[in-house]
Structures are given as C-alpha cells and as structure tokens.
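Commentary on secondary and tertiary structure
Listed below, chain by chain, are the residues.
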Amino acid sequence: MTDWRPSELVREILANLAARPLQSVGAALLAAAVLVGVGLSELSSATSIDATAAGLVASGSTTARIATTTGAALPAAACARLDGQHGIVAVGGIGAVTTVAAASSPSLGFPEAAAVGNLVGALSGGSSAPPGAGLVLSDELASQLGVVPGSYLDIGGRAVRVAAVAALGARDPFFGRLVLAPSAPVGTVQACYVQVATGEYASALPSLLGAFPGVSGLTISTVLPTTPGVPTPAADWAGRLSRFAWVAGGVVLGAVFLLASRARRHELAVYVVTGTRRTAVALLRPGEIDLVVSAGAVVALAWLGLFAVLGHGGWAPARAALVAVTRAALLAVATAPLGLAWMARRDLLTLLKERTS
Amino acid sequence: MTGALGRRGGRGVGADRGRPAAGPAPGAEGGARAPDAPLLVGTHLGHTYRGLASPVLADISLEVRARELVGVTGPSGSGKSTLLSALGLLLPPSAGRVVVRGEDAWASRSAARRLARECFAWILQNSACLEARTALENVAVALLCQGERRNASVVQAADALEAVGLGERLGAVAATLSGGEPQRVTVARALASGRPVVLADEPTGQIDPAGTDAVAAALRSCATAGRAVVVATHDPRVARRCDRVVELDTVALGRR
Ligand SMILES: Nc1ncnc2c1ncn2[C@@H]1O[C@H](COP(=O)(O)OP(=O)(O)OP(=O)(O)O)[C@@H](O)[C@H]1O
Ligand SMILES: Nc1ncnc2c1ncn2[C@@H]1O[C@H](COP(=O)(O)OP(=O)(O)OP(=O)(O)O)[C@@H](O)[C@H]1O
Ligand SMILES: [Mg+2]
Ligand SMILES: [Mg+2]
C-alpha cells in the first residue's frame, strides 16, 4: 500500500481536531450558534405567519370551504342545512361552473355557477337574492360590463336581470369574475362555503365535519380575505426573507472555515512533503470541517427540537426550521473542499517556508 | 569514483573531494535497471527565480547512487537549497533535467508528484513539522502515509527518535520543542520513512556538536543501509563524512 489506510486517515483527522481542543470546540460552538440562528429566524417567521392566520380565523373573517379530495360533489341539501347551526353566520354551495358570454361583449367569457343558499353571504358578508330573482355579479365584473342591480344582461339570447352586485372577489380572485345564479337547494354542489362567527371556528368545526355523513375524502380549508396590499399568510410564507437564512448561514460558516483553513496551509504542505497523496490531503482539512459542522448541527437540531417541543411554535414551524438548519450545514460542508483549492494556489515550496504560530 | 560531475562552463561546480562510495548496492532498487545505476541524476541544472536578474544555479550536473552520501556546500545564498529543491522535485528547474530511478521526472506533473512522493524523504531547512502534534506523531506520519498501521508506525517512529537522541521527548508537542529539537524530529521522520533518497537541507544548523555527530552518523548509516543521501551543509563535521562534496560558488555566477 502506498497510501493512508482509510481508518488511519480518519484517526488522523480526529487527532488533528484533538490536538487543538479549544479551537475545535470553539468552531463547533460557532457552527451551532450560526445554525441555531438560521433555525430561529425560520421558526420566528413561521410562527408569526401562523399567528397572522390564527388571528384572521379568530377575528371571524374566516370562511370555511368544504369539498372532497376526490372532486366528488356534495349534497346541496346537506350544505344548506348547516345554516343557523351554532356559530355559523351564512352558508352557500356552488354548483358546476360553465362559461357564458354576454351579447354586449361577446369576446368576454366568464364563469357562471348555480349558487345554493346564501353563497353571496358566505363569500362577501352581503345577502343573496332569492332563487329566480336574477343573477348576482361580482362588483368587478359588473363594472367591466357596465351594469348595476336592476339592469338586464343578454346572455346567449336570454335576457337576465342583475339582481345584486357583491364583493365576491374579496376572498378569492376566482369569484371576482363569477356570475352566480341563485337556485334551490336540490341536487349537488361542488363545494360548500360556510362563514363562521368571530372566534367560533373551532367550536363550529365538529358540525362542519358531521354535516356530510357518508361522503369520503372530505376536506375543510379556510378561505381568508384578501385585502389589497396586505399579503395573505400563504403569500407571506412564500415571500418570507427567512427562507434565505440557510443560504446566508451556510455561506458564513463556509467562509469562516475557509479563512481558518488558511492558517493550516503550512501543515497540509508538510503532509504532502512527507509523502501523503494529494487526494488524502484533500480529505484532511475538509474532514475536520465536516466533523465540526456536524457536531454543531447536532447541537443546533437538538436545541431547536427541544425549543419547539416546549411549546414555542409547535411542530410545523419547527420542521421548517430543522430543514433550514440541515440545508445550511450541508452548504457549509460542501464549501469545505474549496479550502483546498485555496491552498493549492501557492506552490508547495512557498507553503513549506511559511511559518505558522 | 561513482559520482559523475558535469563541469560544463567549468565554474558552477566546485571540486569533488569525496572518497569513493562503498560500491554498488545490490537489490537497493527494483526493476530491470543495472544495480549500480544512479538513483538520482541532475543534468545541466539551472535556475533563475522570477524577478531575479541572474541565475541562482547554472549548469550543475550531479549523479547520486544508492549507498552514497553526497554533500553540497557553499556560502549562504549560493543555491544549496535551490539545488536540493530541484533534485527533490519541489521546484521545476528553469534549465536541465532531473532523472529519478531512470525516469525523466518532469515528463509530466503527475510523474513528478509520484516520484517525489515515492522516492524522497526530506529534512527541510526550517524543520517543517506538524506544530500541534507530538514528536512521535510527526514521525509516524511518514509511515502511516505509506499504508502502515498506527501501532507499527509508532514503534518504528519511537526507534527513529531514539536514534537522534529524542527518546525522552516522544510525547512533546512540536510547537513546544526547543530550537534544535524539531530538526531532530525531521531527521527521525526521514530515517523512518524508508524512502530511497534522503534530501537533507542543513540538518544540523541548530544542533549542538554531539547532536551533529549523531545526525551525521545517522545519515551515514542510511547510506550504508542502501539509501542515497544528499546533504546541504555548512558544518565540516557533516561534510567530512560525505563520500563527495559538491561546492557551489556564488562568485562563479557573477552575483557579486
Ligand atoms: N523563492 C525565491 N524567490 C526569489 N529568490 C529566491 C527564492 N528562493 C531563494 N532565492 C534566492 O536564491 C538564492 C539562493 O537561495 P538558496 O536558498 O538556494 O541558498 P542557500 O545556498 O540554501 O543558502 P543558505 O545557506 O542560507 O540556506 C538566494 O539569494 C535567495 O535569496
Ligand atoms: N513552551 C514550552 N512548553 C513545554 N516545553 C518547552 C517549551 N519550550 C521549551 N520547552 C522544552 O524545554 C527544554 C529547553 O528548551 P530551550 O528552548 O530553552 O532549549 P535550548 O537550550 O534553547 O535548546 P536548543 O539548543 O535546541 O535551542 C526543551 O526540552 C524544550 O522541549
Ligand atoms: Mg538553504
Ligand atoms: Mg534555543
């Protein structure tokens, strides 16, 4: 054999770490601190976004959307029957959506759907027109078509009365382009919308879940109001700065360890001149960095896990934090071999003459 | 005389005043090459450092066989370290050729690296050590990097340190050693490595007379054991023990 035994090379890496106990422990603590920072920034933004969402739910601005994961329709009568139950302000279902065009603007197609119960109320807080009274338009669409309540629209040869205009798009831009045709609660609906009274979401949930016996794959999600200029929790989540924290943390750690590698160039040159292959030398210093970062990551993950379990944020934000920490650690570890490229810039003779200490 | 000295230009190389080497070393090297073929040959070596107007080395030729102890002397700055670096493949010379075990060393970068790794044991002028590690660990590295196990390496390393008078300081961290002790550590490292050519640059510069004799004797016994040794030295105690001495001369290079 003309090269280090792998086990001996690993022992050499450990021996080099042990030969500088303060530096090694300090480096691991630094790695742990940076990684905890990455995790905490993720945790705090996740928690604050969760708090925003929870606040919106608690303030009663919540409309629950009940549908099925399979896309199967729900009985319209069961949806309408939720009306008046504890904590429920308004209920309505939406039927199948078709695309229609008004004769006044034939190029403009817009979706029309049957609206069961007080769908307008559930979506916008207004009240629905009775079945047969005419269509309900979103305010957006009404201004685009130039109609007001009482106007008639020519849809495919039918003259249909505009019964009401409501801010349907407040919760979901999709409804901003919708024409609703109020209809009796017969047949099925694609989804059932339930507006819940302030602070009552949790207590209303059991009746929502129990309203559709025999339907499998029932899902209940909340449709939060969108206010122009105020991001929804989902948009907040997608746009949060903390999602780059792992990049910053990884780059900072990688750079610190790279700078620290500089002081070790002389030592690596001694290994080369003593007869160690460059491939083995290339593992010595990155191996140390990997071990130090791993130790730091274990400490950081354990600390963050404990922090979350003890009730600061809960499991979902904690998971995001742990993923961020792992990514940052992997990034730092991946930059370690660059330390060697740095070393290789100078020739061996110069590095050997370089005195450390 | 076994060592051939080129004298192109006549003045780059001093007188060869050594005694003949102890004859050919059968089995000292493998392969199909003749048993007394030189291990290390430098022909017409010249070197000019970047930024310097005149060369530090000019037209030096040198052959070293197994069992030979060759000295290189000359005033400070005459290019002894430069010559050793060129012979030991740490420095590509700006002129001339280095042939190691019959192979043109600079045929490719990878060939140079392989030969440097496999053939040379270095005792560097500044006693380059792993500062944070013990004397014993420093010497053991020379064996570990050849695939030896730690236990065997440590035993041999301890023997080598014993041989240079550091038997009491095995566990001392290199950074805490006195001026001369690291130098003995690197001598022990070269002894333990078993590489066929030992290149020693001022191995006794900081060592007391008794220690100098011990190091010179150790180098001599390396040669006797079948290795080739080139030693750059100012010390007559070391030069006296050499089979031949190559004298470098600054005047010859027009540097004054
Ligand atoms: N990297 C370098 N760049 C430029 N000049 C250099 C370099 N290394 C050495 N020199 C110069 O080359 C000359 C010879 O240096 P070298 O180290 O070979 O001398 P030396 O004979 O070993 O001297 P000493 O006995 O002091 O060790 C010196 O003048 C030195 O300044
Ligand atoms: N910082 C230190 N920690 C531990 N031991 C040390 C330290 N510095 C020196 N020693 C030890 O103390 C002893 C004397 O060291 P010192 O450097 O004074 O020796 P010295 O007489 O100058 O030797 P030399 O001739 O080799 O320079 C040595 O054995 C050395 O290993
Ligand atoms: Mg020198
Ligand atoms: Mg001293």
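Placed above this text is the structure.
Keep in mind that what you see is a predicted model, and the values were worked out from it rather than measured.

1. Comments concerning a nonpolar patch on the surface
- A cluster of nonpolar side chains, contributed by Leu241, Phe244, Val247 and Val251 of chain A, occupies part of the molecular surface with about 390 Å² of accessible area.
- A relative accessible area of 71% places Leu241 of chain A in the exposed class.

2. Some points on the site of ligand 2
Residues and elements named next belong to chain B.
- Around ligand 2, a shell composed of Arg169, Thr176, Leu177, Ser178, Gly179, Gly180 and Glu181 is seen.
- In this structure, an oxygen atom belonging to ligand 2 sits 2.3 Å away from a side-chain N or O atom of Arg169.
- The backbone of Thr176 places a nitrogen or oxygen atom 3.0 Å from a nitrogen atom of ligand 2.
- Here ligand 2 loses 36% of its free accessible area of 630 Å² to cover by the protein chains.
- Of the residues contributing to the shell around ligand 2, the split by class is one nonpolar, four polar and two charged.

3. A short note on the pattern of salt bridges
- Counted by the stated rule, this structure contains 19 salt bridges over all chains.
- Where Arg150 of chain B meets Glu12 of chain A, a salt bridge forms, and the shortest distance between an N and an O atom there is 3.2 Å. Residue Arg150 of chain B is found in helix H4 (residues 150-163), and its partner Glu12 of chain A is found in helix H1 (residues 6-19); the two belong to separate chains.
- Take Arg150 of chain B: its relative accessible area is 11%, and that puts it in the buried class.
- Judged by its relative accessible area of 0%, Glu12 of chain A is buried.
- Ionic pairing is found between Glu288 of chain A and Arg285 of chain A, a salt bridge with its closest N-O pair at 3.0 Å. Taken as a pair, Glu288 of chain A and Arg285 of chain A lie in helix H10 (residues 278-309) at a separation of three residues, close to a single helical turn.
- Arg285 of chain A sits in the buried class, given a relative accessible area of 10%.

4. Regarding the state of the cysteines
All names here are of chain B.
- As enumerated under the stated definition, the model contains one disulfide over all chains in all.
- The structure places no disulfide on Cys145, whose sulfur is separated from the nearest cysteine sulfur, that of Cys119, by 13 Å.
- No disulfide involves Cys242; its sulfur sits 13 Å from that of Cys222, the nearest cysteine.

5. Notes on the nonpolar core
- Judged by nonpolar contacts, the single largest core of 91 residues is most densely connected at Leu352 of chain A together with Leu40, Val100, Phe120 and Leu219 of chain B.
- Per-element accounting of this core gives the leading share, seven residues, to helix H3 (residues 135-144) of chain B.
- When sequence neighbours within four positions are dropped, the list of residues in contact with Phe120 of chain B reads Leu40, Leu87, Gly88, Leu89, Val100, Leu115, Arg195, Val197 and Leu199 of chain B.

6. So, the coordination of the magnesium ion (ligand 3)
Residue and element names in this part refer to chain B.
- Taken together, the protein donors to the magnesium ion (ligand 3) comprise Ser81 (OG) and Gln125 (OE1), at separations of 1.9 to 2.2 Å. Separated by 44 residues along the polypeptide, Ser81 in helix H1 (residues 80-87) and Gln125 in the loop between strand S6 (120-123) and H3 bring together distant segments of the chain.
- We classify Ser81 as partly exposed; its relative accessible area is 26%.

7. So, the packing of aromatic side chains
All names here are of chain A.
- For the structure on display, the rule yields two aromatic pairs over all chains.
- Between Trp4 and Tyr271, the aromatic rings sit 6.4 Å apart at their centres with planes inclined by 55°, giving tilted as the arrangement. Separated by 267 residues along the polypeptide, Trp4 in the segment before H1 and Tyr271 in helix H9 (residues 265-274) bring together distant segments of the chain.
- Trp4 sits in the buried class, given a relative accessible area of 5%.

8. Re the sheet that holds strand S1 (residues 40-47) of chain B
All names here are of chain B.
- Spatially, the four strands line up as an open sheet ordered S2-S1-S4-S5, and their pairing is antiparallel. Lying at the two open borders of the sheet, with one neighbouring strand each, are strand S2 (57-64) and strand S5 (103-104).
- Lying on the sheet, H1 is in contact with S1, S2 and strand S4 (95-100); it crosses S1 at an angle near 130°.

9. Side note on the environment of Gly117 of chain A
Residue and element names in this part refer to chain A.
- Relative to the assigned elements, Gly117 resides in strand S4 (residues 105-117).
- For Gly117, a relative accessible area of 38% corresponds to the partly exposed category.
- When the C-alpha atoms of Gly117 and Val10 are compared, they prove to be 72 Å apart, with 107 residues separating the residues in sequence.
- Not counting residues within four places of it along the chain, the set of residues in contact with Gly117 comprises Val91, Gly92, Ser128 and Ser183.

10. Here's the deal with the sheet that holds S6 of chain B
All names here are of chain B.
- Reading across the sheet, the five strands line up as S6-S7-S8-S3-S9 and stay open at both edges, with parallel pairing between neighbours. The strands lining the two open edges of the sheet, one partner per strand, are S6 and strand S9 (244-247). Strand-to-strand twist across the sheet, computed as the mean angle between neighbouring axes with direction ignored, equals 15°.
- As paired strands, strand S3 (residues 69-73) and S9 are joined by four bridges and run parallel to one another. The residue of S9 that forms the bridge with Val70 is Arg244.
- Its contacts with the sheet put helix H5 (residues 181-193) on S6 and strand S7 (197-201), and the angle it makes with S6 is roughly 170°.

11. Let's talk about the interface of chain B and chain A
- Facing the 25 residues of chain B at the interface are 29 residues of chain A.
- Summed over both partners, the interface of chain B with chain A comes to about 2600 Å²; 54% of that surface belongs to carbon and sulfur atoms.
- On the chain B side of the contact with chain A, Arg117, Cys145 and Arg150 of chain B bury the most area, a combined 22% of that side's loss.
- Inspection of the region where chain B meets chain A yields three salt bridges.

12. Some remarks on the packing of H3 of chain B against H5 of chain B
Residues and elements named next belong to chain B.
- Where H3 contacts H5, the axes come no closer than 8 Å and their chain directions differ by 30°. One way to sum up the angle between H3 and H5 is to call them roughly parallel. The crossing of H3 and H5 is right-handed. The segment H3 lies against H5, with Ala135, Asn138, Val139, Ala142 and Leu143 engaging Val185, Ala188, Arg189, Ala192 and Ser193.
- Here the residues of the contact of H3 with H5 sort into seven nonpolar, two polar and one charged.

13. Observations regarding the pairing of strand S8 (residues 228-232) of chain B
Residues and elements named next belong to chain B.
- The buried fraction of S8 amounts to five of the five residues, a majority that puts the element mostly inside the structure.
- Here S8 shows a buried face lined by Ala228, Val230 and Ala232 and a second buried face lined by Val229 and Val231.
- Across four bridges, the pairing between S3 and S8 is parallel. By the bridge assignment, Val72 is partnered in S8 with Ala232.
- Here five bridges tie S7 to S8, and the two strands are oriented parallel to one another. Residue pairing for S8: Asp201 is matched across the bridge by Ala232.
- Considered for its hand, the β-α-β crossover made up of S7, helix H6 (residues 209-224) and S8 is right-handed.

The rules behind these values
- Residues numbered from 1 in each chain as written.
- Chains lettered and ligands numbered in written order.
- Predicted model: local features only at pLDDT ≥ 70, side-chain atom pairs only at ≥ 80, totals over all residues.
- Heavy atoms only, no water.
- Patch = residues over 30% accessible without salt bridge, like charges linked within 9 Å, V, L, I, M, F, W, Y side chains within 5 Å.
- Areas by Shrake-Rupley, 256 points an atom, 1.4 Å probe, with all protein chains shown as cover.
- Salt bridge = Lys/Arg side-chain N within 4 Å of Asp/Glu carboxyl O.
- Buried < 20%, exposed > 50% of the residue type's maximum accessible area, 1.4 Å probe, protein only.
- Near = heavy atom within 4 Å.
- Polar contact = N/O pair within 3.5 Å; in protein donor to acceptor, adjacent residues only side chain to side chain.
- Nonpolar A, V, L, I, M, F, W, Y, C, P; charged D, E, K, R; others polar.
- Helix = DSSP H or I, 4+ residues; strand = E, 2+ residues; numbered from the N terminus.
- Disulfide = S-S within 2.5 Å.
- Core = buried A, V, L, I, M, F, W, Y, C linked by side-chain atoms within 4.5 Å.
- Contact = heavy atoms within 4.5 Å.
- Donors = N, O, S within 2.8 Å, 3.2 Å for Na, K, Ca; no water.
- Phe/Tyr/Trp six-rings, centres within 6.5 Å; stacked < 30°, edge-to-face > 60°.
- Pairing = 2+ DSSP bridges.
- Axes fitted to C-alpha atoms, helices over the stretch in contact; angles between N-to-C directions.
- Buried area = accessible area lost by both parts, 1.4 Å probe.
- Parallel < 35°, antiparallel > 145°, perpendicular 65-115°, else oblique.
- Left-handed = near helix turned anticlockwise from the far one by under 90°.
- Right-handed = clockwise from strand over helix to strand, strands pointing away.

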